[in-house]
Protein chains: 2
Amino acid sequence: MSERTHRGFHVDRRTLLAGGAAGAALLAPGAALAQTRRVRDTAAIRRAAEAGYAASIERIQNWIRFPTIAAEGLNIEEGADYMARLATEAGFTRVRKVATGGVPAVFGILDSGAPRTVGIYFMYDVKQYNPSEWASPPLEARIIDHPLGRAIRGRGAVNQKGPEGAFLAALHAFHASGRRLPVNLVLLAEGEEEIGSPNFRNVLRDPEVLAAMRRAEGVIIPFAQQNPNGAATINLGAKGIIELELVASGERWGRGPARDVHSSLKAQVDSPVWHLVQALNTLVADGGNTPAIDGWFERVRPLTARERALIAEAARSRPEEDAKRSLGVQRWIDDLPWQQALERLVSQPTVNIEGLVAGYTGPGGMTILPARGVAKLDLRLVPNMTVADSLAKLRAHLERRGFGDIEINMSGGYDPTETAEDSRVIRAQQAVFTRNNIAFSLFPRLAGSWPGYVFTGDPLRLPAGQFGLGTGGGAHAPDEFFVIEPTNPRVAGLLQQTMGYVDFLYEMAAAR
Amino acid sequence: MSERTHRGFHVDRRTLLAGGAAGAALLAPGAALAQTRRVRDTAAIRRAAEAGYAASIERIQNWIRFPTIAAEGLNIEEGADYMARLATEAGFTRVRKVATGGVPAVFGILDSGAPRTVGIYFMYDVKQYNPSEWASPPLEARIIDHPLGRAIRGRGAVNQKGPEGAFLAALHAFHASGRRLPVNLVLLAEGEEEIGSPNFRNVLRDPEVLAAMRRAEGVIIPFAQQNPNGAATINLGAKGIIELELVASGERWGRGPARDVHSSLKAQVDSPVWHLVQALNTLVADGGNTPAIDGWFERVRPLTARERALIAEAARSRPEEDAKRSLGVQRWIDDLPWQQALERLVSQPTVNIEGLVAGYTGPGGMTILPARGVAKLDLRLVPNMTVADSLAKLRAHLERRGFGDIEINMSGGYDPTETAEDSRVIRAQQAVFTRNNIAFSLFPRLAGSWPGYVFTGDPLRLPAGQFGLGTGGGAHAPDEFFVIEPTNPRVAGLLQQTMGYVDFLYEMAAAR
């Protein structure tokens with residue numbers, strides 16, 4: 001074990017003790033008593049986690065070396081089997097693959113005889129990658145010295161095998177220390193998160209899965225939630241998303257050419273690409289900033305006073321100039337001030353063009369009238385919009401305007417999620433951050449999306465969100481990394497992350 | 001020489017004799033007399049052309065083997081030198097390269113002491129190619145058996161080295177038979193036609209070139225003008241064109257991101273791609289079929305009664321179903337009947353989208369907000385529109401609507417051309433088709449474009465057009481070919497094409 005690692009341990013211990021005191025001060029007297037007992041418990045668990053530290057790193061590395069990629073059909077059954085083995089080794093029982101109609105899910109329970117049950121959502125698939133863009137092979141899982149600290153570099157390192165590996169390490173530490181978990185667990189792991197979870201919801205059709213999930217207090221996905229500066233954000237929900245292609249073609253339209261023809265024929269022949277551009281144009285107003293799909297705002301719930309207050313707080317604590325610089329943005333929409341720009345980020349549904357492809361796309365020009373055009377869109381949804389209702393509205397909108405021929409190929413999507421600020425999951429997260437002396441803020445809603453609607457929506461209606469200490473970067477990009485021994489003492493390393501999950505499970509047991 | 005070639009010759013002779021008789025019957029008495037003398041002359045020239053037939057084929061093949069590609073900077077000076085040598089060998093004098101600011105032009109004169117002078121426009125460059133898409137190497141110039149007959153397959157075979165080679169063969173035949181040309185010639189060859197002739201017009205700044213061109217009666221580019229069924233169309237002009245890219249970027253706009261960012265930020269950040277789509281949408285009305293650029297129709301000259309009559313004739317002689325089938329089109333714009341669809345083809349300026357490229361263009365989706373979008377447009381112009389005026393109108397239109405940040409990158413363009421039906425060039429063409437018993441029709445305007453405005457515009461104001469017998473296909477596409485010995489006796493082979501140019505020069509000399 002390197003000097004660096006030892007230094008990391010010292011920092012961890014110090015932080016833990018300081019955080020424990022701060023956490024106790026904030027909690028009610030009864031909770032403080034319960035916490036004292038937990039602190040005693042975590043010392044033994046921590047020793048076990050330290051002993052298992054090298055194995056934890058190796059577990060993450062080996063998992064990275066065996067990627068499941070739904071878009072490429074890579075290691076579908078094999079990846080599910082691997083996930084099942086990881087779950088079994090971590091103490092889950094009744095572990096099995098669950099058919100969803102797509103890539104199988106993996107289910108398991110960990111019954112510790114506790115009164116409460118917590119749901120754990122894993123994704124075992126990873127995003128595609130192009131090895132030529134990487135500084136080291138994306139499946140090597142090389143340990144590197146990153147400016148942010150010692151890190152594992154590889155596809156899936158931070159999204160999501162690193163954080164999930166830290167969670168598994170916590171379960172191994174419970175077991176090795178001979179401690180029972182303070183809560184029961186239900187695990188649901190999916191293997192097609194990276195293609196938009198098109199079938200994951202079907203897992204709830206399995207009676208055993210549904211019955212087990214109904215017992216859960218809430219659900220988390222392990223997540224490296226800290227910024228490189230150490231601060232963490234707890235999102236009280238996430239926007240939904242519909243990802244789709246609009247495809248206009250002469251063949252389907254019955255107008256325009258069936259294949260690309262000479263562009264001089266535009267005077268005589270309709271253009272499927274103009275048809276597409278005109279259809280697109282009806283979807284938005286205000287320069288593309290406001291969706292104009294018929295009825296789009298019918299279900300949009302305005303921000304509450306509490307949400308506005310949280311945004312105002314975020315506007316004060318997050319430097320606007322940092323945000324602008326990191327995005328390469330000079331002005332927000334409508335030249336809004338920072339706080340209103342954040343309100344817009346949280347509250348507004350969007351219609352975004354991810355990509356356009358039509359006709360000749362190479363250098364210079366080519367005098368053709370293309371037979372086909374494709375717009376790739378993503379539509380972000382806010383509460384109380386739903387994917388099904390929104391898709392129906394889009395379809396009706398296009399049909400009403402003479403664009404009914406345009407194909408809508410939805411590739412994935414989720415409903416938005418909301419989790420109450422006073423739910424146990426959110427209160428437990430805050431307690432862990434406080435205990436670990438990690439600055440955090442609440443934010444009404446992640447502008448991004450995740451398949452948490454499976455848990456927050458009918459029939460479960462559970463609180464659900466991301467949770468975890470630590471940091472990393474490069475998700476979906478080259479040189480993805482997960483920091484295991486950070487240079488910044490405000491950021492948790494792998495061991496502190498592991499203990500953060502231990503703390504979280506105790507907080508879930510204790511929270512009233 | 002193959003049996004096929006011999007059969008080709010017999011057909012040519014028969015066609016020539018039959019055509020000669022038909023032509024004489026149609027011409028005025030004086031013209032018939034002049035023509036008799038020319039028939040005597042052409043017999044000797046024809047024998048020389050037959051003797052030079054193999055050399056003519058080889059000349060075309062060798063030329064194909066030495067491509068000039070302006071877009072790739074391939075064989076720029078060398079191709080001009082090659083062109084100059086071809087001109088010199090064919091009898092041109094004062095042959096030299098003329099600087100244009102781009103790929104050099106080649107100039108030469110052939111002074112036969114005749115009262116009249118004819119301008120000849122050549123292009124010596126060819127379109128790019130992808131060898132992997134070809135059935136034989138595009139520079140091999142292989143002789144193949146095509147369904148339409150024995151043919152040369154190679155890049156530039158029909159566009160334009162084959163027809164130009166047939167014209168050169170005519171000059172060689174004059175020389176070999178000891179006959180003086182009935183007209184003087186001025187040759188102007190350009191080497192960047194395939195990138196839109198961005199500099200060719202500058203050739204007229206050369207005093208010797210301008211003076212020589214001022215003496216011309218008119219200008220032709222050698223062209224395989226027959227359809228595979230044998231019929232030919234004489235176009236009395238061509239539309240102009242502007243080819244350009246509209247580029248929207250966050251960087252230039254000062255709004256939106258400087259590089260691609262996560263698509264969830266659409267709620268907070270402007271989208272350069274939506275900006276582009278909205279700009280595009282202002283350029284057209286009626287589903288993309290009518291340009292809506294401010295003032296776009298100010299200079300548009302309506303069809304004349306004669307033009308309408310020619311179109312009505314074309315509507316009768318050209319099968320609508322053939323046109324629809326070959327284009328893969330079920331309906332014309334606005335469900336117009338055939339004649340009105342042809343009127344639209346001839347008379348309407350267009351704004352066409354050749355291509356769209358923005359953001360993620362691969363399979364499936366990618367949740368990004370792209371920093372940049374590009375639309376590749378071609379705008380066809382009709383008389384009396386001009387490139388300069390139209391480009392200024394487009395710029396003003398976009399600026400007026402808040403799209404002044406969108407870059408307009410024009411890559412090439414020409415003004416429209418018009419050539420009077422009673423000009424000698426057009427009358428001579430008709431006489432040659434008649435003499436060769438080739439069905440032809442007059443059409444008001446080619447919907448495509450060529451750089452003939454250099455000749456038809458100020459200061460020369462000459463009649464100009466495409467002319468030549470024969471057929472081919474695959475211009476700008478793989479497996480381009482030029483038929484030298486057709487299976488259909490109504491189509492001219494290389495020898496008859498060569499004699500067609502001989503006839504044309506005599507007709508230019510004789511026409512009143």
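If you're wondering where the values come from, they're calculated on a predicted model, not measured in any experiment.

### Quick notes on the overall build of chain A
Part 1: Per the secondary structure count, chain A includes 15 helices and 22 strands.
Part 2: Taken over C-alpha atoms, the radius of gyration comes to 24 Å for chain A, in line with the 24 Å a tight globule of 512 residues would show.
Part 3: Principal axes of the C-alpha set define a box for chain A whose edges measure 80 × 50 × 50 Å.
Part 4: Counting the 512 residues in chain A, one finds 62% classified as buried.
Part 5: Sequence-distant contacts, at least 24 apart, represent 80% of the contacts inside chain A between residues at least 6 apart.

### Details of the sheet that holds strand 10 (residues 240-249) of chain A
Part 1: Across the sheet, which stays open at both edges, the eight strands sit in the order 17(A)-10(A)-16(A)-14(A)-14(B)-16(B)-10(B)-17(B) with antiparallel pairing between neighbours. Of all strands in the sheet, those with a lone pairing partner are strand 17 (407-414) of chain A together with strand 17 (407-414) of chain B, marking the two edges. Strand-to-strand twist across the sheet, computed as the mean angle between neighbouring axes with direction ignored, equals 20°.
Part 2: As judged from the five bridges shared by strand 14 (residues 350-359) of chain A and strand 14 (residues 350-359) of chain B, these two strands associate in the antiparallel manner. Bridge pairing links Val357(A) to Val357(B) in strand 14 of chain B.

### A short note on the relation of the copies chain B and chain A
Part 1: Mapping chain B onto chain A calls for a screw motion: a turn of 180° about the axis and a shift of 0.0 Å along it, with 0.1 Å RMSD after fitting. This pairing of chains is accounted for by a two-fold axis. Distance from the rotation axis, computed per C-alpha, reaches its smallest value in chain B at Val357(B): 2.6 Å.
Part 2: Most of the interface of chain B is mirrored in chain A: 100% of its interface residues are interface residues there too.

### Section: the packing of helix 5 (residues 157-176) of chain B against helix 15 (residues 494-510) of chain B
Residues and elements named next belong to chain B.
Part 1: At a minimum axis distance of 8 Å, the contact between helix 5 and helix 15 shows a crossing angle of 65°. Accordingly, the angle class assigned to the pair helix 5 and helix 15 is roughly perpendicular. Once helix 5 is placed against helix 15, the crossing between them reads as right-handed. Contact with helix 5, carried on its side by Pro163, Ala166, Phe167, Ala169, Ala170, Leu171 and Phe174, involves Leu494, Gln497, Thr498, Tyr501, Val502, Leu505 and Tyr506 of helix 15 and no other residues of that element.

### Observations concerning the confidence of the model for chain A
Residue and element names in this part refer to chain A.
Part 1: For chain A, per-residue confidence averages 91 on the pLDDT scale, and residues scoring 70 or more make up 92% of the total.
Part 2: Per-residue pLDDT stays below 50 along residues 1-40; that stretch engages in 51 contacts with residues further than four places along the chain or on separate chains.
Part 3: For this predicted complex, the interface confidence reaches an ipTM of 0.86, while the overall pTM sits at 0.85.

### Re the pairing of strand 6 (residues 184-190) of chain B
All names here are of chain B.
Part 1: Within strand 6, seven of the seven residues are buried, leaving the element largely enclosed by the surrounding structure.
Part 2: A two-sided burial pattern is seen for strand 6, the buried positions comprising Asn184, Val186, Leu188 and Glu190 on one face and Leu185, Leu187 and Ala189 on the other.
Part 3: Bridge count for strand 2 (residues 105-110) against strand 6 is five bridges, and the pairing is antiparallel. When the bridges of strand 6 are listed, Val106 appears paired with Ala189.

### Some words on the sheet that holds strand 22 (residues 481-486) of chain A
Residue and element names in this part refer to chain A.
Part 1: Spatial ordering of the open sheet is given by 4-5-22-21, a layout of four strands whose pairing is antiparallel. Unpaired on one side and paired on the other, strand 4 (142-146) and strand 21 (472-473) mark the two borders of the sheet.
Part 2: In this sheet, strand 5 (residues 149-153) lies alongside strand 4 in antiparallel orientation, the contact comprising five bridges. By the bridge assignment, Asp145 is partnered in strand 5 with Arg150.
Part 3: Helix 5 (residues 157-176) rests against strand 5, strand 21 and strand 22 of the sheet, and its axis sits at about 45° to strand 22.

### Observations regarding the pattern of salt bridges
Part 1: Per the stated rule, a full pass over the model turns up 67 salt bridges over all chains.
Part 2: Sharing partners across several salt bridges, the network here consists of Arg94(A), Arg96(A), Asp206(A) and Glu208(A).

### Some thoughts on the side chain of Arg153(B)
All names here are of chain B.
Part 1: In this structure, Arg153 sits in strand 5 (residues 149-153).
Part 2: One buried charged residue, Arg153, remains without a salt bridge, the closest side chain of opposite sign being Asp479 at 4.1 Å.
Part 3: At 2.8 Å, the side chain of Arg153 forms a polar contact with the side chain of Ser136.

### Quick word on helix 10 (residues 320-327) of chain A
Residues and elements named next belong to chain A.
Part 1: For helix 10, the set of buried residues is Ala323, Lys324 and Leu327. Looking down the long axis of helix 10, one finds its buried residues gathered within 95° of arc, a one-sided arrangement.
Part 2: Phi turns positive one or two residues past the end of helix 10, at Gly328, with a value near 70°.

### Brief notes about the pairing of strand 22 of chain A
All names here are of chain A.
Part 1: Counting buried positions over the six residues of strand 22 gives five, a clear majority of the element.
Part 2: As judged from the five bridges shared by strand 5 and strand 22, these two strands associate in the antiparallel manner. Following the sheet pairing, Gly149 is matched in strand 22 by Pro486.
Part 3: For strand 21 and strand 22, the ladder comprises two bridges, and the chain directions are antiparallel. Residue pairing across strands places Gly472 opposite Phe482, the latter belonging to strand 22.

### What to know about the environment of Tyr121(B)
All names here are of chain B.
Part 1: With respect to the helices and strands, the residue Tyr121 is situated in strand 3 (residues 117-123).
Part 2: C-alpha separation for the pair Tyr121 and Phe455, spaced 334 residues apart in sequence, amounts to 9.5 Å.
Part 3: Here the side chain of Tyr121 touches Glu190 through a polar contact of 2.5 Å, side chain to side chain.

### What about the environment of Gly165(A)?
Residues and elements named next belong to chain A.
Part 1: On the secondary structure map, Gly165 appears in helix 5.
Part 2: Assessed through its relative accessible area of 3%, Gly165 is described here as buried.
Part 3: Other than its neighbours up to four places away in sequence, Gly165 contacts Ile60 and Trp63.

Conventions used here
- Residues numbered from 1 in each chain as written.
- Chains lettered and ligands numbered in written order.
- Predicted model: local features only at pLDDT ≥ 70, side-chain atom pairs only at ≥ 80, totals over all residues.
- Heavy atoms only, no water.
- Helix = DSSP H or I, 4+ residues; strand = E, 2+ residues; numbered from the N terminus.
- Rg over C-alpha atoms; globule rule 2.2 N^0.38 Å.
- Buried < 20%, exposed > 50% of the residue type's maximum accessible area, 1.4 Å probe, protein only.
- Contact = heavy atoms within 4.5 Å.
- Pairing = 2+ DSSP bridges.
- Axes fitted to C-alpha atoms, helices over the stretch in contact; angles between N-to-C directions.
- Least-squares fit on C-alpha atoms with pLDDT ≥ 70 in both.
- Parallel < 35°, antiparallel > 145°, perpendicular 65-115°, else oblique.
- Left-handed = near helix turned anticlockwise from the far one by under 90°.
- pLDDT = per-residue confidence, 0-100.
- Salt bridge = Lys/Arg side-chain N within 4 Å of Asp/Glu carboxyl O.
- Lys, Arg positive; Asp, Glu negative; His and termini not counted.
- Polar contact = N/O pair within 3.5 Å; in protein donor to acceptor, adjacent residues only side chain to side chain.
- Arc of directions from axis to C-beta.

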